[in-house]
Amino acid sequence: MRIAVYPGSFDPITNGHLDIIKRASKLCDKLIVLVSNNISKKGMFTSSQKANLIIEAVKELSNVEVDCFEGLLVEYVKHNNINAIIRGLRAISDFEMEFQMALLNRKLYNDAETLFLMTSTEYSYLSSSMVKEVFYMEGSISKFVPKCVEIAMKQKIYKGEK
Ligand code: PNS
């Protein structure tokens, strides 16, 4: 069984992430979308809220699971017999950081192999932070995120949480 993990902050999941998930799920027997901590980012959603939104967004993909993990990615990889870490690349500007992360992960755990998927061109401009900015400035985000995410973001504002 070939298992891949797709880690990220997913705050929130966007259609760009979904595109990577759909394509990566065809390359392995099981794909785990892993809600992980990026200590340099402050989130809009909690980990379990993010995971629930991903579960809803991927419900039609039978070999995709969703999990949350607060520790080092390589520890998750080691303990769950993961064969590959999937990361999406939108532009050359992503490459430097991603290259550094992939090398660091391999230094921490020699069997941690990272595979990069190029994003589809229609999503190359998209990021969770841009979605949040457009949303806070009252622009429409319906083209950028799954419907469940749009609803959840509106509910946060309605409840006065953000
Ligand atoms: O969506 P992001 O913010 O680009 O994802 C980055 C993420 C969460 C995958 C990365 O920060 C990560 O792997 N965090 C877990 C902690 C860890 O292992 N850090 C060392 C590698 S950078």
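Above this text you will find the structure in question.
Note that the structure is predicted; figures quoted are calculated from it, not measured.

*Asks:* Break down the sheet that holds strand β3 (residues 64–68) for me, citing the residues and quoting the values.
*Replies:* Here we have 5 strands laid out as an open sheet, ordered β3-β2-β1-β4-β5, and parallel in their pairing. Each edge of the open sheet carries a strand with a single partner, namely β3 and β5 (114–118). If you compare each strand with its neighbour and ignore which way they point, the axes differ by 30 degrees on average. Where strand β2 (residues 30–35) meets β3, 5 bridges bridge the pair, whose relative direction is parallel. Opposite Val33, over in β3, you have Val66 as the bridge partner. The strands that helix α1 (residues 15–25) touches are β1 (3–8), β2, β3, β4 (84–89) and β5; relative to β5, the one it contacts most, it runs at about 120 degrees.

*Asks:* Give me the lowdown on unusual backbone geometry, citing residues and values where you can.
*Replies:* That bond from Asp11 to Pro12 is cis: its omega, 0 degrees, falls within 30 degrees of zero. On the secondary structure map, Pro12 appears in the loop between β1 and α1. Phi is positive for Asn81, which is not a glycine, with a value near 50 degrees. Among the secondary structure elements, Asn81 is positioned in the loop between α3 (73–79) and β4. Positive phi is not limited to glycine here, since Glu138 has a value of about 65 degrees. In this structure Glu138 comes out as exposed when scored by relative accessible area, which is 75%.

*Asks:* Give me the lowdown on the nonpolar core, citing residues and values where you can.
*Replies:* If you look at the biggest cluster of nonpolar residues, it comprises 33 residues, and the most contacted ones within it are Tyr6, Ile21, Leu31, Val33, Ile86 and Met153. If you list the elements that add at least two residues to this core, you get β1, α1, β2, α2 (47–57), β4, α5 (128–136) and α6 (147–158). Not counting residues within four places of it along the chain, the set of residues in contact with Met153 comprises Pro12, Met44, Phe45, Val131, Lys132, Phe135 and Ile141. Formed by 12 residues, the second largest nonpolar core is a distinct cluster that contains Ile3, Val5, Tyr76 and Tyr109.

*Asks:* Go over the packing of aromatic side chains with me, naming the residues and quoting the values.
*Replies:* In this structure the tally under the stated criterion is 5 aromatic pairs. Seen in terms of ring centroids, Phe95 and Phe99 are 5.3 Å apart; in terms of plane orientation they differ by 20 degrees. Their pairing is stacked. Here Phe99 and Phe95 lie together in helix α4 (residues 92–108), a separation of 4 residues that amounts to about one turn. Of the residues examined, Phe95 reaches a relative accessible area of 37% and is grouped as partly exposed. What makes Phe99 partly exposed here is its relative accessible area of 42%.

Conventions and cut-offs
- Residues numbered from 1 in each chain as written.
- Predicted model: local features only at pLDDT ≥ 70, side-chain atom pairs only at ≥ 80, totals over all residues.
- Heavy atoms only, no water.
- Pairing = 2+ DSSP bridges.
- Helix = DSSP H or I, 4+ residues; strand = E, 2+ residues; numbered from the N terminus.
- Axes fitted to C-alpha atoms, helices over the stretch in contact; angles between N-to-C directions.
- Contact = heavy atoms within 4.5 Å.
- Buried < 20%, exposed > 50% of the residue type's maximum accessible area, 1.4 Å probe, protein only.
- Core = buried A, V, L, I, M, F, W, Y, C linked by side-chain atoms within 4.5 Å.
- Phe/Tyr/Trp six-rings, centres within 6.5 Å; stacked < 30°, edge-to-face > 60°.

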